[in-house]
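Letter by letter, the chains look like this.
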There are 2 protein chains.
Amino acid sequence: MDNKKIEKISKALSDANRIAILQQFKKRKDCLYCAEVNDLLDLTQPSVSHHLKQLVDADLLLSQKEGRNLKYVLNQQVLNDYIACLNELKS
Amino acid sequence: MDNKKIEKISKALSDANRIAILQQFKKRKDCLYCAEVNDLLDLTQPSVSHHLKQLVDADLLLSQKEGRNLKYVLNQQVLNDYIACLNELKS
DNA sequence: TTTGAATATTTGAATGTTTCGATGTTTTAT
DNA sequence: ATAAAACATCGAAACATTCAAATATTCAAA
């Protein structure tokens, strides 16, 4: 994982709303529907859509269409890689 | 570690220059002098100072005066706590 | 105690991010 | 077909970040 990627993931993580989104995955068997995220945050639908996009663009979330719904899944692999890079910083 | 803190640390990490700074600590026995960082990055001195401040404000770096020099030390504890929070996201 | 080296702060311009309202697209149900 | 639901995109306002130039501070040495 190169520094550009680390920067991108860090940027995706640098917002309290997006952290809150990620934390929900633990509570909901690793998958979340877009509508659930809308209920979760006190933001308009376009704003939530924007935050989800940031997380998807950083590959922290994977999205999957299910009819007219959108299902998000946490990308554990990318999270693991990111954590590994941070661990590398330690001597 | 609360979400505001995670946000702040993530923000500190969301810049390629700052990631490059942190990576240098591994190569230089965990401490870096301000002047070394200036040599390292292709930025003016005030910009480097600004980036270092972001890292210190996020508690990722600890600073210590040594005469008129400033020594920065990686704060392993905060890095560990941050990594622990990220690990918590995984189910 | 003045000088100079090392670092910090301020300022302002350019750029990026967050948010919302309005509108568009896709899909399901009637 | 039409309407409604779910989500995305656009446009603009508000706010934050980045960077460099200028200036200030702090400290050691002369």
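All values derive from a computational prediction rather than experimental measurement.

K.L.:
What's the story with the overall build of chain A in this structure? I'm lost.
P.N.:
Helix and strand counts for chain A stand at five helices and three strands. Starting at the N terminus and ending at the C terminus, chain A contains elements arranged as α-α-β-α-α-β-β-α. Its C-alpha atoms give chain A a radius of gyration of 14 Å, near enough to 12 Å, the size a compact globule of 91 residues would have. Here the C-alpha coordinates of chain A stretch approximately 45 × 20 × 20 Å along the principal axes. In chain A, the proportion of contacts linking residues at least 24 apart, taken out of those at least 6 apart, comes to 52%. Accessible area of chain A: about 4800 Å², with a carbon and sulfur share of 47%. If you average the places of the 14 positive and of the 12 negative side-chain charges in chain A, the two averages end up 2 Å apart.

K.L.:
Where do I start with the UniProt feature "domain: HTH arsR-type" (unreviewed entry) in chain A in this structure?
P.N.:
Sites flagged by UniProt as "domain: HTH arsR-type" (unreviewed entry) map to residues 1-91 of chain A. Taken end to end, residues 1-91 of chain A comprises 63% helix and 16% strand; its first and last C-alpha atoms sit 18 Å apart.

K.L.:
Looking at this structure, I do not really get the environment of I9(B). What am I missing?
P.N.:
Residue and element names in this part refer to chain B. Position of I9 relative to the elements: it lies in helix α1 (residues 3-13). Its relative accessible area of 0% is what places I9 among the buried residues. When residues no more than four places from it in sequence are discounted, the contact partners of I9 are M1, A58, L60, V78 and Y82.

K.L.:
Just checking my understanding: could you explain the protein's contact with DNA strand D for this structure?
P.N.:
Neighbouring residues of DNA strand D: 23 residues in total, closest Q45(A), S49(A), L70(A), S47(B) and H51(B). Expressed as a percentage, the sugar and phosphate content of the atoms of DNA strand D within 4 Å of the protein is 71%. Contact distances for DNA strand D include 2.9 Å between a phosphate oxygen and a side-chain N or O atom of S49(A). Residue K65(B) places a side-chain N or O atom 3.2 Å away from a sugar or linking oxygen belonging to DNA strand D. At the level of secondary structure, the elements contributing two or more residues to the surface near DNA strand D comprise α3 (34-40), α4 (45-57) and β3 (69-74) of chain A together with α2 (16-27) and α4 (45-57) of chain B. If one sorts the elements of the surface near DNA strand D by residue count, α4(B) sits on top with five residues. The class makeup of the residues in the surface near DNA strand D is seven nonpolar, ten polar and six charged.

K.L.:
Honestly, the pairing of β3(A) in this entry has me stumped. Any pointers?
P.N.:
Each regular strand shows side chains that alternate between the opposite faces of the sheet. Residue and element names in this part refer to chain A. Where strand β1 (residues 31-33) and β3 come together, three bridges link them in antiparallel fashion. Within β3, the position partnered with C31 by the bridge is V73. Strand direction decides the pairing type here: strand β2 (residues 61-66) and β3, joined by six bridges, are antiparallel. Its bridge partner being in β3, K65 is matched across the sheet by L70. As consecutive antiparallel partners, β2 and β3 are separated by two residues, and within that stretch G67 has a phi angle of approximately 65 degrees, a positive value.

K.L.:
For this particular structure, what's the right way to read the interface of chain A and chain B?
P.N.:
Interface extent is often summarised as the accessible area lost during association of the parts. With 27 residues of chain A in contact, the opposing surface of chain B contributes 27 residues. Here chain A and chain B share an interface that buries about 2600 Å² over both sides, 61% of which is from carbon and sulfur atoms. For the pair chain A and chain B, the number of links is two salt bridges. Measuring nitrogen to oxygen at the nearest pair gives 2.9 Å for the salt bridge that ties E88(A) to K26(B). For the pair chain A and chain B, the number of links is eleven residue pairs in polar contact (both at pLDDT 80 or more). The set of elements that each furnish at least two residues to the side of chain A that touches chain B consists of α1 (3-13), α2 (16-27) and α5 (76-89) of chain A. Among the elements that take part in the side of chain A that touches chain B, α5(A) stands out by supplying nine residues, more than any other.

The rules we used
Residues numbered from 1 in each chain as written. Chains lettered and ligands numbered in written order. Predicted model: local features only at pLDDT ≥ 70, side-chain atom pairs only at ≥ 80, totals over all residues. Heavy atoms only, no water. Helix = DSSP H or I, 4+ residues; strand = E, 2+ residues; numbered from the N terminus. Rg over C-alpha atoms; globule rule 2.2 N^0.38 Å. Contact = heavy atoms within 4.5 Å. Areas by Shrake-Rupley, 256 points an atom, 1.4 Å probe, with all protein chains shown as cover. Lys, Arg positive; Asp, Glu negative; His and termini not counted. Charge placed at Lys NZ, Arg CZ, Asp CG, Glu CD. UniProt positions renumbered as here; feature names shortened; annotations may be inferred. Buried < 20%, exposed > 50% of the residue type's maximum accessible area, 1.4 Å probe, protein only. Near = heavy atom within 4 Å. Polar contact = N/O pair within 3.5 Å; in protein donor to acceptor, adjacent residues only side chain to side chain. Nonpolar A, V, L, I, M, F, W, Y, C, P; charged D, E, K, R; others polar. Pairing = 2+ DSSP bridges. Buried area = accessible area lost by both parts, 1.4 Å probe. Salt bridge = Lys/Arg side-chain N within 4 Å of Asp/Glu carboxyl O.

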